[in-house]
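# A structural walkthrough
So the chains spell out like this:
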Amino acid sequence: MDQARRFPSRRRLLQGAAAVVAPAALLPAVRATAQTRAVDYPLAEWKPASSSNYTVASRPSTYPVDYVVIHVTQETYADAIGIFQNPAKKVSAHYVVRSKDGHIAQCVRERNVAWHAGNWTYNTRSIGIEHEGWVDKPEYFTDAMYEQSAALTAAICAKYGIPKDREHIIGHSEVPGADHTDPGPYWDWTRYLRLVNFA
């Protein structure tokens, strides 16, 4: 047996190695594409809630979407997402906005009914947006949070034909029968609506 047959050429070895490495190199791109399809808002990161914490639907054909409900988590961003991912909690929102940089996680697809408002009719007809922070700590309501949340709300309003006003963009405390106080007295509605309307 000659040497060429016993020892494959360097070129063949490199081609074989490239073939093995190539699929692994493609995985991040595949993941990114899958994640892009999983979110309704292109700037959001997919952080799915437990399927035990929302109702599968096909909105807006099953229910019209007429409202955006603004919440404050009373938790950290990570803890709020963890609660939505815990099947025992029976609560979720469509989106969570982080305080420090306005980063947005989507936890429930918009076509589905998140359990956020404490009122079934409003749950079926709204998109719920949670904001990291506490109602009595206005330092959590950063410029980045307001700006990114307002851009999200503007996109939702445009998609579903929701008027960009206080009759349709409401606080959790304004949902009939709600026992919550969020977003609380430090949430700047004037600023927020201005940002939504100029987004």
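Computed from a predicted model, the values in this text were never measured in an experiment.

### A closer look at the overall build of the chain
Tallying secondary structure elements over the chain gives six helices and eight strands in all. Order of helices (α) and strands (β) in the chain, N terminus to C terminus: α-α-β-β-β-α-β-β-β-α-β-α-β-α. Counting across all 199 residues of the chain, residues that qualify as buried make up 40%. Long-range contacts, defined here as pairs at least 24 residues apart, represent 74% of the contacts in the chain between residues at least 6 apart. Carbon and sulfur atoms make up 55% of the accessible area of the chain, which amounts to about 10,600 Å² in all.

### Some details on helix α6 (residues 189-198)
For α6, the full list of buried residues reads Trp189, Tyr192, Leu193 and Val196. Across the axial projection of α6, the buried residues extend over an arc of 95°, all falling on one side. Across α6 from its buried face, at more than 90 degrees, point the exposed residues Thr190 and Phe198. Looking at where α6 begins, the residue whose side-chain oxygen comes 3.3 Å from the main-chain nitrogen of Thr190 is Asp188.

### What to know about the nonpolar core
One finds Val68, Tyr95, Ile156, Ile169, Trp187 and Tyr192 to be the most contacted residues of the largest nonpolar core, which totals 29 residues. Those elements that provide at least two residues to this core are β3 (67-72), β4 (95-97), β7 (126-131), α5 (143-160) and α6. No other element matches the eight residues that α5 contributes to this core. If near-sequence neighbours (up to four positions away) are discounted, Ile156 is found in contact with Val68, Tyr95, Glu110, Ile127, Ile129 and Ile162.

### What about the confidence of the model for the chain?
Per-residue confidence for the chain gives a mean pLDDT of 87; residues scoring 70 or more make up 81%. Long-range and interchain partners of residues 1-36, a stretch whose pLDDT sits below 50, account for five contacts in this model, where long-range means more than four residues apart.

About the criteria used
- Residues numbered from 1 in each chain as written.
- Predicted model: local features only at pLDDT ≥ 70, side-chain atom pairs only at ≥ 80, totals over all residues.
- Heavy atoms only, no water.
- Helix = DSSP H or I, 4+ residues; strand = E, 2+ residues; numbered from the N terminus.
- Buried < 20%, exposed > 50% of the residue type's maximum accessible area, 1.4 Å probe, protein only.
- Contact = heavy atoms within 4.5 Å.
- Areas by Shrake-Rupley, 256 points an atom, 1.4 Å probe, with all protein chains shown as cover.
- Arc of directions from axis to C-beta.
- Polar contact = N/O pair within 3.5 Å; in protein donor to acceptor, adjacent residues only side chain to side chain.
- Core = buried A, V, L, I, M, F, W, Y, C linked by side-chain atoms within 4.5 Å.
- pLDDT = per-residue confidence, 0-100.

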